[in-house]
Amino acid sequence: MYTGEVVGCVVATVKEENLNNIPLLVVRLIENGKKTKMIVAADATRQAGRGDFVYLIGSKEAARMFRKQYTPADAAIVGFIDQYREQL
């Protein structure tokens, strides 16, 4: 599990059928209190937006967040962080 801040969204005109209606968001990861690389994550909450601090899961667990069918996702946003206490 890891944390990050939503900084944008991805617009894809063509994507895998199982990703339809799932928002893809750009997340800047936070490691040891510092903002690092950016990744694209599928939003399992379907409520995250720019500026939200979120926690994510990766690998096959991310694909299993979407229970109806296998979804090809390497990262999924699964929750919100109300307060972030580390110095950024």
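First, a word on scope: everything that follows refers to the structure included in this document. Everything numeric in this text was worked out from a predicted model, so none of it was measured.

Criteria and cut-off values
- Residue indices follow the written sequence of each chain, beginning from 1 at its first position.
- Local features in this predicted model are restricted to residues of pLDDT 70 or higher, and side-chain atom pairs are both shown and tallied only at a pLDDT of 80 or more, whereas totals for entire chains, interfaces and linings draw on every residue.
- As a rule here, side-chain values cover all heavy atoms of the structure and leave hydrogens and water aside.
- Labels follow the DSSP assignment, with helices taken as runs of H or I lasting at least four residues and strands as runs of E lasting at least two, numbered in each case from the N terminus.
- Think of it in three bands: with a 1.4 Å probe and only protein chains considered, a residue is buried below 20% of the maximum accessible area for its type, exposed above 50%, and partly exposed in between.
- Criterion used throughout: strands pair if DSSP finds at least two bridges between them.
- Helix axes use the C-alpha atoms of the stretch in contact, all axes being lines fitted to C-alpha atoms, and the angles between their N-to-C directions lie in the range 0 to 180 degrees.
- The contact criterion used is simple: two residues touch if any of their non-hydrogen atoms lie within 4.5 Å.

## Details of the overall build of the protein chain
- Looking only at helices and strands, the protein chain features one helix and five strands.
- Along the protein chain, from the amino end to the carboxyl end, the secondary structure elements read β-β-β-β-α-β.
- With respect to the three principal axes, the spread of C-alpha positions in the protein chain is 40 × 25 × 20 Å.
- Here the protein chain holds 88 residues, and 38% of them are scored as buried.

## Things to note about the sheet that holds strand β4 (residues 53-58)
- Strand order in the closed barrel made by the five strands is β1-β2-β3-β5-β4, with mixed pairing throughout. Direction aside, neighbouring strands of the sheet carry axes that sit 50° apart on average.
- Judged from the four bridges that link them, strand β1 (residues 2-9) and β4 form a sheet pairing that is antiparallel. Residue pairing for β4: G4 is matched across the bridge by V54.

## Observations concerning the side chain of T71
- Among the secondary structure elements, T71 is positioned in the loop between α1 (60-64) and β5 (75-80).
- Sequence-distant contacts of T71, defined by excluding residues within four places in its chain, comprise N18, L19, I22, A63 and F66.

## Quick word on the pairing of strand β3 (residues 34-43)
- Where strand β2 (residues 24-31) meets β3, seven bridges bridge the pair, whose relative direction is antiparallel. Across the sheet, E31 pairs through a bridge with K34, a residue of β3.
- Connecting the antiparallel pair β2 and β3 is a turn made up of two residues, with N32 showing a positive phi of about 55°.

Such coordinate-based values are descriptive only and should not be taken to indicate function.
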